Amino acid sequence: MKWLRQTFTDIKQYPSAVGGVIIIALLVALAIYTVIAIPYSEAIRLWRGGEDVWGDNPRLAPPAWTNLFRSKKLPETIVLTPDGENVTKSTSVISEDMYDVTLEYTFDYPYDDFPQSITFFFTTQYEARAPHLSISWITPDGRKIRVGDITADYKLTYRLDQDARLIRRLDGAAPSIGLFADPERAGDPVALKGTYTLLIQATTFEEDSDVDAKIVLYGKVQGLAGTDHHRRDITVALLWGTPIALAFGLLAAVGTTFTTILIAAIGVWFGGVVDELIQRITEINMLLPLLPILIMVGTFMSRSLWIILGWIILLSIFGAAIKGYRAIFLQVKESPYIEAARAYGASNWRLITLYLIPRIIPVLIPRLVSSIPGFVFLEASLALLGLGDPVLPTWGKLIEDARANGALYNGLYYWILEPAVLLMVAGLAFAMVGFALDRIFNPRLREV
Amino acid sequence: MSVESQPVQSAAGSPAQKNAPSSNQLLKLLRYTVLKLGALFIAVAIGIYLIVLIANMGGYVDQMIIGQARERISLQVSMDPELKQLPTEERLQMIDDLVAIEERRLGLDQPFLVRSFRFLWNALTLQLGRAQFMSSDSGSRLVKNIILERLAPTLLLMATSNLLVFFINLFFALFLSRHYGSFLDKLVISLSPISTAPAWFYGIFLILLFAAVLGWLPFGGMVAAPPPEQLGPYLLSVGRHLILPVLAWLISSFFGGVYGWRTFFLIFSMEDYVELARAKGLSDRQIERRYILQPTLPNIITNFALMLIWLWQGATILETMFNWPGLGRLLYQAVGLFDSPVIVGSAVIYAYLLALTVFLLDFIYALVDPRVRVGSGGAGR
């Protein structure tokens, strides 16, 4: 433990390593928070659930905080529900088989730009005759625009931007623009700020008939991290990518390092045929192309991240690193304390695990820490090849999704930058700590 | 895994002491080469056999072959005008029978152990079969042709970037080791963690900046579409498309590589014999060339070869990122199409390329390092 404390005081001399440790601690905290706040099943539901989960999100919207850097504020999504505030509903009887239901929605629109699109979701109750609806739109300057007259089935989704008649009525402008545009500035449409009123007048033909409507004015920015092409909230994938990346990197690094060390130690300790065999296997292993084999495993066997992890460890047991460890063990093997242990009759296993391997820890720890980012990036690389885990949302899969859907070509930079920056931060943090540890444990490096 | 950027400090060689007479040195070199080739061939055979075993995990190699046979037989039967009159069921029955005969002919009813050696033979002789869905640009369905066509672009991209990176790193590191402790030196040290991220990762940022925002360079591909007719503009176009991937490669391996080399040179320049040379009053340049570069040449070469080994795999995703029509992108497309013969074929080709690189390493090593040159047989490895 004294040794651990000494390491810690040594690290303090490297500001970049202190930064790295802080970042790693933050990432671990974020990972723990994520796993607790969004349990696995909930994460899968949020990421794979379907339209019910993300139907009210706009498509491909940058995060909301980007508005801070914009002179022209982009709208956020406005959802008007029948039981919300600023909604009045009145019913009156016109005649014996005709009733009037009026829904009046008022909302404030403080943005400079127009919404992405506007959709009405009607739910109506009736037995034989469907209600008839007439929708009108009142702008802050008092103009009243007739939106449309429709007969509503039990469940009706009415997308304003697909209504050709409405577009004609708005002189060819898309409804999401035409309904908000300031008439004073015809050439360069600007959204008119203020309070809008939406009037839905329904004529029903049965006593128990009823009409309700949810209106979604899809914004152009959304949430903390924005949305992807399926309207999914990217925050979920960013959050869940953290524990996955950390677990994958750590497990792979520990798994590959310790198996390799054990093999190197066994080879050196027993020498002769065993050593020769291990050396030859290492050489053959060098010829096995890691990535193509992982691709074969991914295509033919399973895409599960943990199976791929197992294969990575399996393929690196006889990795090239064995040669380096072997050279060190060969020196250590001749030390007097080993001779002493042998003299009192320690078993081979005891000698290898308690006498040989501990001596290599100074070399091992920096290497282990430095190798973590490599594996984190390997996971992303596999995802980029389309071999990501089929259910888990990871950073690599976000990048792949973004790339495959042309995020770079279409200017959707947030989509690719967010996971990339997280990857970079995590990678750099481990690399900086590993770098400092390397200098602490290898004094020879400190001189130069 | 990450690109091995730190130089290997102790060369793989085992010391062999005797000095050989120069007269039969060539013969020794030849013997050494033949032995190396033999050993390497055995290693390749075992490696490819392992690949066959891995590929067969889900019985996919069998399915591949049976699927191909069925496709061919179905086509034969449906094209035969005499068989066209037969009712559908009889025709299907006939196809099934023929497939069963074909299975027997191909020996698929034999135990896997026997078959696996035939697969090995086919792979070793590069009889990689036919692709299920893909075809080469010249229209061939043979996996070998598809892969061969992609080798040249991969080689162009990787050779350009690696050679560039290697020599820039080396000379910049020498420069830094001379100006040890300067601001530039400290800057490179503090920036060295940047090299943890692979090249494709920087590719994202480069595409974003230079292609998407500034519009100076193309997003990807190898040549403009349509390709220019004359050779001059064609080469110019390829050059323009090369800039970003090569730059991505450079960024990802520059700082770490320079740091590693610089530390390596510094450790070497603290050796006693260098101190002695300095005391004798030799010029810096002479010391550098004779007392630092020459003894470290084997290590430099080892590193060069190790870099080549990593190169083949690092290219896969960089090519995908930049739509570069090379082996890596082929692999990406094959994964997307589930074209198993192409995937297995690529793995085999990669194994061959790695073996070739290892052989080249040993050979050059033998030319440069006098200790290895003399020690014939298995001593080098």
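Below you will find a few notes about this structure.

## Describing the nonpolar core
Part 1 of the reasoning: The biggest cluster of nonpolar side chains holds 176 residues, and the ones touching the most others in it are M296(A), I51(B) and A351(B).
Part 2 of the reasoning: With 16 residues, the single largest contributor to this core is helix α16 (residues 413–441) of chain A.
Part 3 of the reasoning: Setting aside residues no more than four positions away along its own chain, M296(A) makes contact with I54(B), A55(B), I343(B), V344(B) and A347(B).
Part 4 of the reasoning: Listed in part, the 13 residues of the second largest apolar core include I261(A), A264(A), I322(A) and I328(A).

## Considering the environment of T102(A)
All names here are of chain A.
Part 1 of the reasoning: With respect to the helices and strands, the residue T102 is situated in strand β3 (residues 98–109).
Part 2 of the reasoning: With 14 C-beta atoms counted inside 10 Å, the residue T102 sits in the partly exposed group.
Part 3 of the reasoning: Sequence spacing of T102 and S381 is 279 residues, and the spatial spacing of their C-alpha atoms is 56 Å.
Part 4 of the reasoning: Non-local contacts of T102, meaning those with residues more than four positions away in its chain, are made with S90 and Q201.

## Some thoughts on the interface of chain A and chain B
Part 1 of the reasoning: Facing the 43 residues of chain A at the interface are 51 residues of chain B.
Part 2 of the reasoning: When residues of the side of chain A that touches chain B are traced back to their parent elements, those giving at least two are α8 (272–287), α9 (290–301), α11 (321–333), α14 (361–384), α16 and α17 (443–447) of chain A.
Part 3 of the reasoning: A class-by-class count of the residues in the side of chain A that touches chain B yields 32 nonpolar, eight polar and three charged.

## Quick look at the sheet that holds strand β9 (residues 210–218) of chain A
All names here are of chain A.
Part 1 of the reasoning: Pairing is antiparallel across the open sheet formed by four strands, whose spatial order is β1-β9-β4-β7. The sheet is open, and its two borders are formed by β1 (78–80) and β7 (155–159), each paired with just one other strand. Across the sheet, the mean angle from the axis of one strand to that of its neighbour is 10°, orientation sign disregarded.
Part 2 of the reasoning: In terms of strand pairing, β1 meets β9 through three bridges, oriented antiparallel. Bridging across to β9, I78 finds its partner in L217.

## Quick word on the pairing of strand β2 (residues 87–95) of chain A
Within a regular strand, the side chains alternate between the two sheet faces.
All names here are of chain A.
Part 1 of the reasoning: When you tally the buried positions in β2, you get zero out of nine residues, a small fraction of the element.
Part 2 of the reasoning: Of the strand pairs in this sheet, β2 and β3 are connected by eight bridges, and their pairing is antiparallel. Residue pairing in the sheet places V87 in a bridge with Y105 of β3.
Part 3 of the reasoning: Counting the residues in the hairpin turn of β2 and β3 gives two residues.

## Thoughts on the pairing of strand β4 (residues 117–125) of chain A
Residue and element names in this part refer to chain A.
Part 1 of the reasoning: Residues I118, F120, F122 and T124 point to one face of β4 and are all buried, whereas S117, T119, F121, T123 and Q125, pointing to the other face, are not buried.
Part 2 of the reasoning: Bridge analysis of β4 against β9 gives nine bridges, and the strand direction is antiparallel. Its bridge partner lying in β9, F122 is registered against A213.
Part 3 of the reasoning: With five bridges joining them, β4 and β7 adopt antiparallel strand pairing. Counterpart to T119 in the pairing with β7 is R159.

## Things to note about the packing of helix α7 (residues 234–270) of chain A against helix α13 (residues 348–356) of chain A
Residues and elements named next belong to chain A.
Part 1 of the reasoning: Between α7 and α13, the least distance of the axes is 10 Å, while the angle of their chain directions is 125°. Looking at the two axes, α7 sits oblique to α13. Classified by chirality, the crossing of α13 by α7 is right-handed. Contacts between α7 and α13 involve A265, I266 and W269 from the first element and N348, L351, I352 and L356 from the second.
Part 2 of the reasoning: Residues of the contact of α7 with α13, tallied by class, amount to six nonpolar, one polar and no charged.

## Describing the sheet that holds strand β6 (residues 144–151) of chain A
Residues and elements named next belong to chain A.
Part 1 of the reasoning: One open sheet holds the five strands; their spatial order is β2-β3-β8-β5-β6, and the pairing between them is antiparallel. Where the open sheet ends on each side, the last strands, each with one partner, are β2 and β6. Between one strand axis and the next, the sheet turns by 15° as a mean value, whatever way the strands run.
Part 2 of the reasoning: Where strand β5 (residues 132–138) meets strand β8 (residues 194–204), seven bridges bridge the pair, whose relative direction is antiparallel. Note that in β8 the partner of L133 across the bridge is A202.

How each quantity is defined
Residues numbered from 1 in each chain as written. Chains lettered and ligands numbered in written order. Predicted model: local features only at pLDDT ≥ 70, side-chain atom pairs only at ≥ 80, totals over all residues. Core = buried A, V, L, I, M, F, W, Y, C linked by C-beta atoms within 7 Å. Buried ≥ 20, exposed ≤ 12 C-beta atoms within 10 Å, placed from the backbone. Helix = DSSP H or I, 4+ residues; strand = E, 2+ residues; numbered from the N terminus. Contact = placed C-beta atoms within 7 Å. Nonpolar A, V, L, I, M, F, W, Y, C, P; charged D, E, K, R; others polar. Pairing = 2+ DSSP bridges. Axes fitted to C-alpha atoms, helices over the stretch in contact; angles between N-to-C directions. Parallel < 35°, antiparallel > 145°, perpendicular 65-115°, else oblique. Left-handed = near helix turned anticlockwise from the far one by under 90°.

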